[in-house]
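# Remarks on the overall topology
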Amino acid sequence: MDEELRSLTHRLAEEAGESAAYRRLLVTEDDEELAQVLVERERPLWAREIAAFRLGCGGDRRAFETLVLLLNHRDPERCAGAAHALARLGDPRTPRAAAALATNSLRTAYALYPVRLLSELRAPESVPALVSTLRRLLGRDEPHWRVALACVEGLGRLGDAQARPVLEAALPHPRLGGAAGEALSRLPAP
């Protein structure tokens, strides 16, 4: 059992009440059984999360929609698990979905994991989405500075010269300046 699955099972044990259904979803090797959980009516969120996580980590694209919904959840732990599974899923729709979530100004409070996922995916959508999101979050009184910091760090990892102007704009920001300087040092020379 990998660390992410161990964390998920520990977190959901209480929510699921250690039920027989919970234990079954953790051990079944039947992908059809897991996929059925995603479409059955009145299944609890914990069951859908376990099924989607396991299918996603196994590369089964039937998990995509559920994982994207979980990536945009208000619970950061659910977002983290969904991001982990989406990164392993290999679905070509993932970068577009993550970019849409990261750049949605109405959902900025929940954008941290989509932003981190974009930097991990290294897709063509990654740099434009991170630049756009960071540009919007550069105000001094911006409450979502952690999302902005994740954008800065992600742009540094991606090392794309297109990020230079927005990273330079982040230098004077008290919470972002150090990371912006580090990110700039990773970009190719102008």
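Predicted model, so just to flag it, every value in this text is computed and none were measured. (Residues numbered from 1 in each chain as written. Predicted model: local features only at pLDDT ≥ 70, side-chain atom pairs only at ≥ 80, totals over all residues. Heavy atoms only, no water.)

## Re the pattern of salt bridges
Inspection of every chain in the model, using the stated rule, returns 14 salt bridges. Of the charged contacts, one joins Glu 29 and Arg 54 as a salt bridge, the two residues approaching to 3.9 Å between their closest N and O atoms. Taken together, the residues Glu 29 in the loop between helix 2 (20–27) and helix 3 (31–39) and Arg 54 in helix 4 (residues 45–57) connect sequence positions 25 residues apart. On the basis of relative accessible area, Glu 29 is assigned to the exposed category, the value being 69%. In this structure, Arg 88 engages Glu 120 in a salt bridge whose closest nitrogen and oxygen atoms are separated by 3.7 Å. In this pair, Arg 88 sits in helix 6 (residues 76–89) while Glu 120 sits in helix 8 (residues 112–121), placing the two residues 32 residues apart along the sequence. Take Arg 88: its relative accessible area is 40%, and that puts it in the partly exposed class. Via salt bridges that share partners, Arg 11, Glu 15, Glu 49, Asp 75, Glu 77 and Arg 78 belong to a single interconnected network. (Salt bridge = Lys/Arg side-chain N within 4 Å of Asp/Glu carboxyl O. Helix = DSSP H or I, 4+ residues; strand = E, 2+ residues; numbered from the N terminus. Buried < 20%, exposed > 50% of the residue type's maximum accessible area, 1.4 Å probe, protein only.)

## Examining the packing of aromatic side chains
Evaluated as defined, the whole model comprises one aromatic pair. Ring geometry for Tyr 22 against Trp 46: centres 6.2 Å apart, planes inclined by 70°, an arrangement best described as edge-to-face. Of this pair, Tyr 22 sits in helix 2 while Trp 46 sits in helix 4; the two residues are 24 residues apart in sequence, bridging distant segments of the chain. Accessibility expressed as a relative area gives 4% for Tyr 22, which makes it buried. (Phe/Tyr/Trp six-rings, centres within 6.5 Å; stacked < 30°, edge-to-face > 60°.)

Purely geometric numbers; function is a separate question.
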